[in-house]
Number of protein chains: 2
Amino acid sequence: MRLSTRGHYGLKAIMDLALRYGQGPVALRSVAERQGISEHYLEQLIALLRQAGLVKGVRGAQGGYMLAREPEKIKVGEVIRALEGPIAPVSCVKEGDPVACDRVTYCRARTVWLRVRDAVASTLDSISLADLCREAEDVRKGGHNAT
Amino acid sequence: MRLSTRGHYGLKAIMDLALRYGQGPVALRSVAERQGISEHYLEQLIALLRQAGLVKGVRGAQGGYMLAREPEKIKVGEVIRALEGPIAPVSCVKEGDPVACDRVTYCRARTVWLRVRDAVASTLDSISLADLCREAEDVRKGGHNAT
DNA sequence: CAAATTCCTACAAAAATACTCGGAATTCGT
DNA sequence: ACGAATTCCGAGTATTTTTGTAGGAATTTG
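Report follows, based on the coordinates. In this text, all values refer to a predicted model and were calculated from it rather than measured experimentally.

Turning our eyes to something else, we now look at the interface of chain B and chain A. If you look at the interface, chain B gives 43 residues, while chain A gives 42 residues. Between chain B and chain A, the buried area comes to about 3,800 Å², and carbon and sulfur atoms account for 66% of it. Counting across the interface, chain B meets chain A through six residue pairs in polar contact (both at pLDDT 80 or more). Elements that contribute at least two residues to the side of chain B that touches chain A include exactly helix 1 (5-18), helix 2 (28-35), helix 4 (76-84), helix 5 (110-125) and helix 6 (129-140) of chain B. Classifying every residue of the side of chain B that touches chain A gives 23 nonpolar, ten polar and ten charged.

This is the structure:
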């Protein structure tokens, strides 16, 4: 029931961009340094985000990456799907193209996976990058300090 | 965001036992055949369930496995935790012993993982094996046929 | 033109997963 | 008491996925 570092790193990275939204392109190297992630590896992750239309790259000197839309309009669910593929605890309930197992009709467990999938999806889809930015802001102002 | 076959197969297997609760021990071989899982591999999975106190083994001829408690008293969450370890999309929000990352205070994403974890956990903990048995019963009686 | 940077593809190392194998211990039925 | 059925145990292996590394081509700025 775990996320790979793709989702983990990738969300960190896109949040780094979200916090700098409107300030021009941000070089990947600086993101990698701030977040403590290998630059080359991060490059591959951000490529997934770009292909999904969530970030835009600007080539050349002084180039970098930026969000393709306002932080309000990007849901965490989109980010995770771009990085990790369709949300699905098991393949027979994959969003989009479920891979039917041969025993669908007899499978007693499927309803569990459906519910888990929906719980995860609706959680992720209810949070936007802007929401997370606001939270970051609260913390900076000395708000509640979660352990 | 995927479950390994441990959780997948393991839940199938324990459901097989749940549907035969009260009818004496069920040989692992028969479970493996019905569910289409390698017997040797299933053996290892059921060992996890036994160590977690969810099933009991009865050795010798005519032996087999049975639930250690009534199906009502076993939640799917316990089964999944026994097979896959603590529920945690990422290690810094692991149930029980979270592994703090060095950037906890600055991490903008952590709140997402906490919410996902809780959504998954509460979903899994709200379903008992008996619930799934009832559903199976409904289907057998020609109830609604999910795709 | 030089420096900075994205973009692309292929390869490689490490870790986790999904098994296989062989055999010891236990119990039942005869 | 014996043989068959079965759990129980630990070690080994194959496959897949994850997590990177490497090198360089393309693009833009100054």
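The next subject is the pattern of salt bridges. Overall, the coordinates contain 16 salt bridges over all chains when judged by the stated rule. A cluster of three or more residues bridged by salt bridges with shared partners is formed by D16(A), R20(A) and R34(A).

With that settled, the discussion passes to the relation of the copies chain B and chain A. Copy one and copy two of the chain differ by a rotation about an axis and a translation along that axis. Of the transformation superimposing chain B on chain A, the axial component is 0.0 Å and the angular component is 180 degrees, with the fit at an RMSD of 0.1 Å. Considering both components of the superposition, the chain copies are consistent with a two-fold axis. Taken together, the interface assignments show that 98% of the residues at the interface of chain B recur at the interface of chain A, consistent with an identical surface on both copies.

All names here are of chain B. Bridging between strand 1 (residues 55-58) and strand 2 (residues 64-67) involves four bridges; their strand directions are antiparallel. Residue pairing in the sheet places V55 in a bridge with L67 of strand 2. In this structure, the hairpin formed by strand 1 and strand 2 is closed by a connection of five residues, where G60 is found at a positive phi of approximately 85 degrees.

Conventions used here
Residues numbered from 1 in each chain as written. Chains lettered and ligands numbered in written order. Predicted model: local features only at pLDDT ≥ 70, side-chain atom pairs only at ≥ 80, totals over all residues. Heavy atoms only, no water. Contact = heavy atoms within 4.5 Å. Buried area = accessible area lost by both parts, 1.4 Å probe. Polar contact = N/O pair within 3.5 Å; in protein donor to acceptor, adjacent residues only side chain to side chain. Helix = DSSP H or I, 4+ residues; strand = E, 2+ residues; numbered from the N terminus. Nonpolar A, V, L, I, M, F, W, Y, C, P; charged D, E, K, R; others polar. Salt bridge = Lys/Arg side-chain N within 4 Å of Asp/Glu carboxyl O. Least-squares fit on C-alpha atoms with pLDDT ≥ 70 in both. Pairing = 2+ DSSP bridges.

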